[in-house]
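Architecture at a glance
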Amino acid sequence: MRLSYVSPFSRSVHRRNAVHYAELAEAAGYDSVWVPEAFGSDAFTLLGLLAGKTNRMKLATGIVNVYSRSPALLAQSFATLDEISGGRAIIGLGTSGPIVVKNWHSQAFDKPMTRTREAVEIIQLALSGERVDYEGACFRLEGFRMLIRPIQDRIPIYLATLKTRAVRQTGEIADGWLPTHVSVRNIEASRAPLVAGANAAGRDPLEIDMAALTLVACSDDGETARALCREHLAYYIGGMGTFYHELMHGYGYGDVADSIQSAWRNGNRAGAADVIPRDVLDDLVVAGNRAECLAAIEARREAGISHLVVFPPHNVSPELFVKTIEAIA
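Residues numbered from 1 in each chain as written. Predicted model: local features only at pLDDT ≥ 70, side-chain atom pairs only at ≥ 80, totals over all residues. Heavy atoms only, no water.

1. What about the overall build of the protein chain?
Filter applied, for reference: Helical segments are the DSSP runs of H or I of at least four residues, strand segments are the runs of E of at least two, and each set is numbered from the N terminus. Radius of gyration here is computed from C-alpha atoms only, and the compact-globule reference equals 2.2 Å multiplied by the residue count raised to the power 0.38. Contact definition: two residues touch when any of their heavy atoms are within 4.5 Å. Note on areas: Shrake-Rupley, 1.4 Å probe, and residue coverage restricted to the protein chains presented here. Charged residues are defined here as Lys and Arg on the positive side and Asp and Glu on the negative side; His and the ends of the chain fall outside this count. By convention, the point assigned to a charge is CZ for Arg, NZ for Lys, CD for Glu and CG for Asp.
The number of helices and strands found in the protein chain is 15 helices and 13 strands. Taking 329 residues into account, the globule formula puts the C-alpha radius of gyration at 20 Å, and the protein chain, at 19 Å, falls close to it. The principal-axis extents of the C-alpha atoms in the protein chain amount to approximately 60 × 40 × 40 Å. Sequence-distant contacts, at least 24 apart, represent 72% of the contacts inside the protein chain between residues at least 6 apart. For the protein chain, the computed accessible surface area is about 14200 Å², with 49% contributed by carbon and sulfur atoms. The distance from the centre of the 33 positive side-chain charges to the centre of the 37 negative ones in the protein chain is 3 Å.

2. Some points on the pairing of strand β3 (residues 58-61)
This is how it is decided: Whether two strands pair depends on DSSP finding at least two bridges between them. When the strands point away from the viewer, a crossover counts as right-handed if the route from the first strand across the helix to the second turns clockwise.
Here four bridges tie strand β2 (residues 32-35) to β3, and the two strands are oriented parallel to one another. Looking across to β3, one finds that Trp34 is bridged to Ala60. As a crossover connection, the stretch from β2 through helix α3 (residues 43-53) into β3 is right-handed. Examined bridge by bridge, β3 and strand β5 (residues 89-94) share two bridges and lie parallel to one another. For Leu59, the partnering residue across the bridge sits in β5 and is Ala89.

3. Comments concerning the packing of aromatic side chains
Each aromatic ring pair is summarised here by two numbers: the centre-to-centre distance and the angle between the ring planes. Stated formally: Any two rings among Phe, Tyr and Trp, with Trp reduced to its six-membered ring, count as a pair given centres within 6.5 Å; such a pair is stacked if its planes are under 30 degrees apart, edge-to-face if over 60, and tilted if neither. Each residue's exposure class comes from its accessible area (1.4 Å probe, protein chains only) as a fraction of the maximum for that residue type: buried when under 20%, exposed when over 50%, partly exposed otherwise.
By the definition in use, this model includes ten aromatic pairs. Ring geometry for Tyr5 against Phe321: centres 6.0 Å apart, planes inclined by 50°, an arrangement best described as tilted. Here Phe321 lies in helix α15 (residues 318-327) and Tyr5 lies in strand β1 (residues 2-6), a separation of 316 residues in the sequence. Judged on exposure class, the residue Tyr5 and its partner Phe321 are both buried.

4. Topic: the packing of helix α10 (residues 243-251) against helix α11 (residues 254-265)
Which entries qualify depends on this criterion: Only the stretch in contact is used when a helix axis is fitted, and all axes are lines through C-alpha atoms; the angle between N-to-C directions ranges over 0 to 180 degrees. Working definition: roughly parallel below 35 degrees, roughly antiparallel above 145 degrees, roughly perpendicular at 65 to 115 degrees, and oblique for all remaining angles.
Relative to each other, α10 and α11 sit at 155°, their axes nearing to 7 Å. Regarding the angle of α10 to α11, the classification is roughly antiparallel. Contacts from His245, Met248 and His249 of α10 reach α11 at Gly254, Ala257, Asp258 and Gln261.

5. Considering helix α4 (residues 71-84)
Applicable threshold: Under the convention used throughout, the expected extent of a helix is 1.5 Å for every residue step, that is, one less than its residue count.
Taking 1.5 Å as the rise per residue, α4 with 14 residues should run 20 Å; its terminal C-alpha atoms sit 20 Å apart, in good agreement. Where α4 terminates, the next one or two residues include Gly86, which has phi positive at roughly 75°.

6. Things to note about the layout of surface pockets
Under the convention used in this document: A pocket here means an open set of points on a 1 Å grid, computed over the protein atoms alone, that has protein on both sides within 12 Å along at least five of seven lines. A cavity is instead a set of points where a 1.4 Å probe fits but cannot get out; residues with an atom within 4 Å of a point line either one. Grid points are joined across faces, edges and corners, and a volume is the space filled by probe spheres set on the points. In the scheme used here, Gly and all other residues not listed as nonpolar or charged are polar, with Ala, Val, Leu, Ile, Met, Phe, Trp, Tyr, Cys and Pro taken as nonpolar and Asp, Glu, Lys and Arg as charged.
Here the largest pocket defines a volume of roughly 1400 Å³. Taken together, 48 residues line the largest pocket, and the ones lying closest to its centre are Ile63, Ser96, Gly97, Met240 and Tyr244. Only β4 (64-65), β5, α5 (98-103), α6 (112-127), α7 (164-173), α9 (223-239) and α10 provide two or more residues apiece to the lining of the largest pocket. Of the residues forming the lining of the largest pocket, the biggest block, four residues, is contributed by α7. Class assignment for the residues of the lining of the largest pocket results in 26 nonpolar, 18 polar and four charged.

7. Section: unusual backbone geometry
Note on backbone geometry: most residues besides glycine have negative phi, and most peptide bonds are trans. In this chain, Gly62 is followed by Ile63 through a cis amide linkage whose omega measures 10°. Even without glycine at this site, Ser96 takes up a positive phi of about 60°. Checked against the element boundaries, Ser96 lands in the loop between β5 and α5. Overall, Ser96 belongs to the partly exposed group, its relative accessible area being 29%. Phi at His181 is positive, roughly 55°, even though this residue is not glycine. Its location among the elements puts His181 in the loop between β9 (176-177) and α8 (187-200).

8. Focus on the pairing of strand β6 (residues 132-135)
Residues Val132 and Tyr134 point to one face of β6 and are all buried, whereas Asp133 and Glu135, pointing to the other face, are not buried. Two elements, β6 and strand β7 (residues 140-144), share three bridges in a ladder whose sense is antiparallel. Considered in β7, the bridge of Val132 is made with Phe144. Remark: four residues form the turn of the hairpin made by β6 and β7, two consecutive strands paired antiparallel.

9. What about the packing of α6 against α7?
Note the cut-off: A clockwise turn of the near helix away from the far one marks a right-handed crossing, whereas an anticlockwise turn of less than a right angle marks a left-handed crossing.
Two numbers describe how α6 lies on α7: the axes approach to 11 Å, and their chain directions differ by 15°. The angle between α6 and α7 places the two elements in the roughly parallel class. Crossing handedness for the pair α6 and α7: right-handed. In this structure, α6 contributes Met113, Thr116, Arg117, Val120 and Gln124 to the contact, and α7 contributes Arg165, Ala166, Gln169, Glu172 and Ile173.

10. Digging into the pattern of salt bridges
To keep things clear, this is the line we draw: Salt bridges are defined as contacts in which a side-chain nitrogen from Lys or Arg sits within 4 Å of a carboxyl oxygen from Asp or Glu.
Tallied over the full model, the rule gives 16 salt bridges. Linking Asp282 and Arg278 is a salt bridge whose minimum nitrogen-to-oxygen distance equals 2.9 Å. Note that Asp282 and Arg278 are positioned in helix α13 (residues 278-284) at a spacing of four residues, about one turn of the helix. Residue Asp282 is classed as partly exposed on the basis of its relative accessible area, which comes to 33%. Take Arg278: its relative accessible area is 37%, and that puts it in the partly exposed class. Taken together, the shared-partner salt bridges connect Glu223, Arg226, Arg278, Asp282 and Glu292 into one network.

Written out as structure tokens, the structure is:
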């Protein structure tokens, strides 16, 4: 199993420690670092810094959305990252959600699947060095050839998708899939649309890397780690729109998801976290002491996950994050 990690991004102390985390992870054998972007720090500035401080690890956006930047600008940014890193860039794209896209970026959240497909096609065309003449439902480009070429012949493109149709499209057009909050019990069902999309496009589904974004926290007592992951799950299911609430229903955890959402909407955030039972938590996250975390990772390997992307819970401390990435390396 390959291990990668998401660089913590919710607090300034983590950004100040980002180089330290990357140096530790690279020395420990991690495959790649994924830098998110929501409505705080941007991804490319930090990835540029990490490019100059690492030698081997791949550098990925995890993720940037296809609304706040044009596909042409995304191609320029990824080509630049690939050049300055010596060919280590990974493209991680998603749609984000209507709250961020409309209320923060002032863009209409329309045609998310069409926009994603067209963005992928334009980025690939621009990175190839060909003249970009493109007319689609969302974008029209004419007459330009990008002046910079990446080091890699093909920078891999990963899509962060949740809903069935979007996962199917991922199987049709992407090099990798970046699912989040992956359920061990539901891996086969979760991958089914990806497989169907790949088969429909005449592709081998096994060639599409499933990089499973998974909450991971490792503490000496175990309960500290589990509490952090419960809080993070409650925030996503209860406070981040409907996508993750619907995902839990798809896993068969509808009653739990409804209880989380109800408590969250009533202002009871602690109660929203407390209603997550241990068996559901263990199915969705890797949390506990070192032995428990290693056993949970082994269970995921046996279930067919070959690439685990360590996602630190939002309130993790720098000390606990370092302990986590070292403990499971």
